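As a plain string of letters, each chain reads:
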Amino acid sequence: MFLISPDKATVNESLESFLIRLCKANGFESYQTMALVIRDWLQDNDHEAAGSWPLTLSRANIYHANHSSGFRVRALKLLDELLDTNSPSMLERCLLNTTTAFSPNLASVSQRNIIIPLKFIRTSTIPVCPQCLTEHQYIPQLWHISPYEACHHHKCELITHCPSCNEQLNYLQAERITHCECGYDLRLINTIKAPTINKVISEYIAGKDVDCLPLRADMSERFGIILWYQNRYLHSKSDDDSSLISFFEHWPQSFFEELDDLSKTACDKQLKSFNQTDFSVVFGDVLTSCQKLPFRTLQQNIVLEAVVDYLISLVEKNPKCKMANLGDLQLNIIETAALLSTSIEQVYRLIEEGYLQLAIKLKLHSRLSPNQGAFYLRQVIELRQSRITPTYSNNMTYLPSW
Ligand SMILES: [Zn+2]
Ligand SMILES: [Zn+2]
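Residues numbered from 1 in each chain as written. Chains lettered and ligands numbered in written order. Predicted model: local features only at pLDDT ≥ 70, side-chain atom pairs only at ≥ 80, totals over all residues. Heavy atoms only, no water.

With respect to the overall build of the protein
And then number 1: When helices and strands are counted, the protein shows 16 helices and five strands.
And then number 2: The principal-axis extent of the C-alpha atoms belonging to the protein is close to 80 × 50 × 30 Å.
And then number 3: Expressed as a percentage of contacts within the protein between residues at least 6 apart in sequence, the contacts between residues at least 24 apart total 61%.
And then number 4: For the protein, the computed accessible surface area is about 19,700 Å², with 50% contributed by carbon and sulfur atoms. (Helix = DSSP H or I, 4+ residues; strand = E, 2+ residues; numbered from the N terminus. Contact = heavy atoms within 4.5 Å. Areas by Shrake-Rupley, 256 points an atom, 1.4 Å probe, with all protein chains shown as cover.)

Focus on the coordination of the zinc ion (ligand 1)
And then number 1: Bound to the zinc ion (ligand 1) on the protein side are Cys 129 (SG), Cys 132 (SG), Cys 151 (SG) and His 154 (ND1), at distances that span 2.1 to 2.3 Å.
And then number 2: Coordination at the zinc ion (ligand 1) is tetrahedral: its four donor atoms span angles of 105 to 116° at the metal. (Donors = N, O, S within 2.8 Å, 3.2 Å for Na, K, Ca; no water. Tetrahedral: all angles 85-135°; square planar, octahedral: opposite > 155°, others 65-115°.)

A look at the pattern of salt bridges
And then number 1: Counted according to the given criterion, the structure contains 13 salt bridges.
And then number 2: Close ionic contact of Glu 352 with Arg 349 constitutes a salt bridge, the shortest N to O distance being 4.0 Å. In this pair, Glu 352 and Arg 349 are both assigned in helix α15 (residues 344-352), three residues apart and thus about one turn of the helix distant.
And then number 3: For Arg 349, a relative accessible area of 15% puts it in the buried group.
And then number 4: Where salt bridges share partners, they join Asp 46, Glu 48 and Arg 74 into one cluster. (Salt bridge = Lys/Arg side-chain N within 4 Å of Asp/Glu carboxyl O. Buried < 20%, exposed > 50% of the residue type's maximum accessible area, 1.4 Å probe, protein only.)

So, the coordination of the zinc ion (ligand 2)
And then number 1: Donor atoms from the polypeptide that coordinate the zinc ion (ligand 2) comprise Cys 162 (SG), Cys 165 (SG), Cys 180 (SG) and Cys 182 (SG), at 2.2 to 2.3 Å from the metal.
And then number 2: Considering all four donor atoms around the zinc ion (ligand 2), angles at the metal cover 107 to 114° and the coordination shape is tetrahedral.
And then number 3: Along the chain, the residues donating to the zinc ion (ligand 2) are arranged with the sequence spacing C-x2-C-x14-C-x1-C.

Looking at the domain arrangement of the protein
Interfaces are often sized by the amount of accessible area the parts lose when they come together.
And then number 1: Per the domain assignment, the segments of the protein are domain 1 (1-94), domain 2 (98-229) and domain 3 (250-386).
And then number 2: One C-alpha centre belongs to domain 1, the other to domain 3; they are set 49 Å apart. (Domains from an automatic or database assignment.)

Concerning the environment of Asp 268
And then number 1: You can see Asp 268 is positioned in helix α11 (residues 253-268).
And then number 2: Since its relative accessible area comes to 56%, Asp 268 is described here as exposed.
And then number 3: C-alpha separation for the pair Asp 268 and Glu 382, spaced 114 residues apart in sequence, amounts to 27 Å.

Some words on the nonpolar core
And then number 1: If you look at the biggest cluster of nonpolar residues, it comprises 120 residues, and the most contacted ones within it are Leu 19, Trp 143, Trp 228 and Leu 311.
And then number 2: Not counting the four nearest positions on each side in its chain, Leu 19 is found in contact with Tyr 31, Met 34, Leu 57, Ala 60, Leu 79 and Met 90. (Core = buried A, V, L, I, M, F, W, Y, C linked by side-chain atoms within 4.5 Å.)

Description of the pairing of strand β2 (residues 108-111)
And then number 1: Side chains Ser 108 and Ser 110 project from β2 onto one buried face, and the interleaved Val 109 and Gln 111 project onto a second face that is buried too.
And then number 2: Taken together, the two bridges between strand β1 (residues 96-97) and β2 define a ladder with antiparallel strand orientation. Bridge assignment links Leu 96 to a residue of β2, and that residue is Ser 110.
And then number 3: Alignment of β2 against strand β3 (residues 114-117), held across four bridges, turns out to be antiparallel. Note on β3: the bridge partner recorded for Val 109 is Ile 116.
And then number 4: The turn joining β2 and β3, which pair antiparallel and follow one another in sequence, is formed by two residues; a positive phi near 45° is taken by Arg 112. (Pairing = 2+ DSSP bridges.)

Concerning the sheet that holds β1
And then number 1: If you trace the three strands from one edge of the open sheet to the other, you get β1-β2-β3, paired in antiparallel fashion. Strand pairing shows two members of the sheet lacking a second neighbour, β1 and β3, which therefore form its edges.

Written out as structure tokens, the structure is:
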């Protein structure tokens, strides 16, 4: 058996779109018919891989396979052997599970080493650009990613609903690329010009350099920045995200002003001495929300870099004196790990070796709880400044684990 590759296979096409076209090119009437034939072929070659071969298109991508993703990788690699060699490999089209998390503990998937927050992957509606469909009959991976709401080629809004039957568009259900499930030709839809904000975000995550957003070469960082902004400032779908542009145009001053306001409010409303106040009482989740976006080092995480810069100058402006001040706020172990760009295990090691002193007295044999204020901000900043940041690593190791 040898499968005919569909025409013009490009690397930015989604796995599912490619599979639909593979069906068509080989005369199968549905994905499932083809999937059964492929599974039978795999059965003869590799029993384990055959068992993990997906029979439903909407579950085909590797990240859907929780336990057998290793086998599914093998199955897709075997499928490559059935295809012409000049098309990009099946694995390159897949979204893979990763162990990397975006703060605060959000799962992610990866494609060609780009880490994408899982919550950005669309599940119910996959919108389309009618003009793109007229030019090429495939679905780009970008249309699966939720902040991408405008076509960055045609500057128009993506279409989410069929004008004829009013249903949400999802080509995975219809197994048709240019038509809605009801038969309507999506290429006939007149498009409307996208609002600037949608256009800017789409261009940004499509990899173009946009003046008003932070220039980052690594796409994973760009996803981290958008995710962080959405989590921090947009609380419902109706929230206007157009302020994102002015926010980042004045980065990091815009953010520093917000942190200044928080500091000022804390001083005005102070009830407890600052050396007995938790950092989060004053600054909320400022540190934990940017700990991993998805990287921890300052070179790869501009938000954490801004927070660290801000806290360094805060400590400088509030030198140690008799009266406790904002430099004496208490950090918990998670915030300390964030501020040191390191792991919680490393923080425990730093305590054991005496590099970090606890600000509180622990009862005998009790373990420090992750949310308990335990270190003075000043001391953690001093430790951070006393160590040279290694640029080669995603994780700062202060002490070896032996
Ligand atoms: Zn388009
Ligand atoms: Zn329809």
